[in-house]
Every structure is written in C-alpha cells, then in structure tokens.
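# Notes for the structure review
Chain by chain, the residues run as shown.
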Amino acid sequence: MLIPHPNHGTGHSRKNRGSLVFQVRETLECLYRPGSSRHEAKALALGARQSFADRFIFSSSTLGLYIRFGADFVKWVKKRHPDVRLLEDCKKHVDEYLEYLKETPSQYGRARSVSTLKTVRSALAKLFGVTATDAFTDVGTRCRADIFRSRTASEKTKKAFDRDSDETLFTTATGVRRREKRPVYASQILELDGVHFLTGIKGKGGRVRNAPIICRDDDLQNILKYAESRGEEPLFPNMHSDFHGHSLRALYACILYLLVERPPDTLPRKEKYYCRADMQGIVFDRRALRIVSLALGHNRIKIFPASYAYKLDEARRILSEPGWEGAHARARKAGHILLTGADKRL
C-alpha cells in the first residue's frame, strides 16, 4: 500500500495528481528522513523489542537513486500502457518491467547484473510500500564473480589510479571511501599508544569511526609529512572524478586482516567464520574480522568475506615485500584498541 501524501486526499481528481514522474518523486520524498540515522532507528526498535520496518529513506543518495529508478519505471509503463494515470495502477506492471530489464541490455550494451536488478526491485518496493521478496518476482542470485565496478582499473580510471600519488597512498593506508576523504584534515590524524589513527571519519548512515593507518614504515612518514604540509587546508580538495577507490579500500582491509589474523587451524570452532556459497571451504578468524569491520565502519563481519576478500592474494604479495616490520606490531596494537573501544579516547 502506498503511504499517502498529505495532499493526496480521496477527493483529488486524476488531473490534480500530476504526472506519474511527479507522483514518484512526491511519494519517495515523503519517505525521506534527512538528519535521521537508520542505524539509530533500527537500534531503538530492537531495544524496544519491536520489528524494524524499514519504510523510510535515510540517505539523500538513496533518495536520488530511487527517484531515478522509479521515474524510469513509470516512463516505461506510460509507453506500454498509455491509459495508466495513477501511480498505484503501475504496481501490477512491476514484474513485467523486471523481466524486460532482464532480457534487454543496458545503455552500455551489457546485460544488467543481478545487483542492479535487485536495486531496481528494492526501489520499486519502497515506492509501493511493500517487501521486495514477497511482492515481486525473483531476479536471481548475486555472484561475486559478476562484480566489476571499482574492483580493477579500467582504461577510464587508469589515470586516476596513480600508485605514487598521495591520494592513492592515503586511501590504501586508511581504507576511507571517496566521500569520506572530502572533509579530511591533518588535525584528524592522532596517535594513541604508538598507533596513528585517522579519527572522526563520517561514514554511511551518519556513523563516525576511527581507522588505524596501516602501511609500510616509510609510507607512514610520507603520509604524516604530507598532512603536516597541508596545514589547516583539506588533505584532498580536488579528487579525480574517476577515483572510486574500492579496490584500494579492499587492499587496506586485506592487509589489516592478514596482520592481525590468528592461524585458523589453532582456533576453537566458535572463533572461526565458515564461508558458504561460492566461498565454501574458506575459514576466517572471527576476531580479525571484527577488527577489520570496525576499521571499515561495518556492523557485520560477513561483509569482509563477501566484498573485500578478493584482494587477499595481492595483500599477501605486498606483505612479503620489505618495509612492513613495524606495521605488524602497530596492527596488533590497533586491533586491541578497536576491540576494547579505547579509540573513543581520541
């Protein structure tokens, strides 16, 4: 059922409802909660022993994406079914639209990935106030092998990924997302028990975290010198538009994991994380996963195996090179600090 807008009374005519695109925008904007935290809303619901019905939108980027997907959908409906005037009348065509997207290539000439189809389905479920898995057709199962965006440097992004640049070094040493680097200043780099942290990182959902700086000994000195040279100016005021950096964030995650990992064969079963699906048979150290999740700003330890572990082989090769002697001790200290919450003193 659609969540009614205050101006959408039963006495309004079809003409007064506006275009289908207008109805999409107005409906989704009614669900937007700027300044609110989805994480906090979920925690409050769980604390009150209530189910968390994720009916609202907490991120402006999600709002924009859902409006775009919703507008594309109703434009398609209008083209196929010209007599449709009301948004609620479009709902019965969602499954037909999803099948159309599965069968036709995207604007780039490629078949749409399952991840894209699931995002479209989630956007339409939010638009119509229903649960995607219950209301609409299945669009397939995600596969890690099908994920390419930001995993490797394409021809378009090779110039952005200058391995010797300060931005590349900083991203690999801190694991910050692109959006998290825009407001970063030298004053956010603080030291605790011999470990340098990038503090006050504003991540997704309004959560703030502190990430240990993990890199070669000489690279650490280069980062500190660069930060000092910037003074009170932002560290990266101008970022390359094609610098997405997920592969560098994944490399940071894998390096940190390997530095704090305990040999899985020495751990009791409850301290092991067993992978499933296409990673079945691979075992991770749960404690190391918790450390990495805290550094990356994730709540669930399963995110690392699912989205970051593809860089483990490259991380092992890098750690076999000289210059990492001090990083081992710093990473272990950082892990203890994160697990005990001592970083909150920063």
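In this text the structure is predicted, and so the values were computed from the model without any measurement. (Residues numbered from 1 in each chain as written. Predicted model: local features only at pLDDT ≥ 70, side-chain atom pairs only at ≥ 80, totals over all residues. Heavy atoms only, no water.)

## Re the packing of aromatic side chains
By the definition in use, this model includes 10 aromatic pairs. Centre to centre, the rings of W76 and Y97 are 5.2 Å apart; their planes meet at 55 degrees, and the pair counts as tilted. One end of the pair, W76, is in helix α3 (residues 60-80); the other, Y97, is in helix α4 (residues 94-103), with 21 residues separating them in the sequence. For W76, a relative accessible area of 8% translates into the label buried. Using a relative accessible area of 6% as the deciding quantity, one classes Y97 as buried. Ring pairing ties together the aromatic residues F73, W76, Y97, Y100 and F128, which thus form one cluster. (Phe/Tyr/Trp six-rings, centres within 6.5 Å; stacked < 30°, edge-to-face > 60°. Helix = DSSP H or I, 4+ residues; strand = E, 2+ residues; numbered from the N terminus. Buried < 20%, exposed > 50% of the residue type's maximum accessible area, 1.4 Å probe, protein only.)

## Observations regarding the packing of helix α10 (residues 246-260) against helix α13 (residues 312-319)
Taken N-terminus to C-terminus, the directions of α10 and α13 make an angle of 65 degrees; their axes are 9 Å apart at the nearest point. Judged by the twist between their axes, the crossing of α10 over α13 is right-handed. Between α10, through L251, C254, I255, Y257, L258 and L259, and α13, the contact on the second element is made entirely by L312, E314, A315, R316, I318 and L319. In terms of residue class, the contact of α10 with α13 is made up of 10 nonpolar, no polar and 2 charged. (Axes fitted to C-alpha atoms, helices over the stretch in contact; angles between N-to-C directions. Left-handed = near helix turned anticlockwise from the far one by under 90°. Contact = heavy atoms within 4.5 Å. Nonpolar A, V, L, I, M, F, W, Y, C, P; charged D, E, K, R; others polar.)

## Considering the environment of E271
Mapped onto the elements, E271 comes out in the loop between α10 and β4 (272-274). The spacing of E271 and R286 is 15 residues in sequence and 5.3 Å in space, taken between C-alpha atoms. Residue contacts for E271: discarding those within four places in its chain leaves R262, F284, D285, R286, R287 and R290. Within the structure, the side chain of E271 is placed 2.9 Å from the side chain of R262, a separation counted as a polar contact. (Polar contact = N/O pair within 3.5 Å; in protein donor to acceptor, adjacent residues only side chain to side chain.)

## Description of the sheet that holds strand β1 (residues 189-192)
Strand order in the open sheet made by the 3 strands is β1-β2-β3, with antiparallel pairing throughout. Edge positions in the sheet fall to β1 and β3 (208-212), since each has one partner strand and no second. Across the sheet, the mean angle separating the axes of adjacent strands is 35 degrees when strand polarity is ignored. In this sheet, strand β2 (residues 195-202) lies alongside β1 in antiparallel orientation, the contact comprising 4 bridges. (Pairing = 2+ DSSP bridges.)

## Thoughts on helix α5 (residues 114-128)
Here α5 spans 21 Å end to end across 15 residues, near enough to the 21 Å set by a 1.5 Å rise per residue. Burial within α5 is extensive, with 11 of its 15 residues counted as buried. Buried within α5 we find V114, L117, K118, V120, R121, A123, L124, A125, K126, L127 and F128. Its buried side turned inward, α5 meets α1 (20-31), α3, α4 and α6 (132-135). Following α5 by one or two positions, G129 has its phi on the positive side, about 65 degrees. (Expected span 1.5 Å × (residues − 1).)

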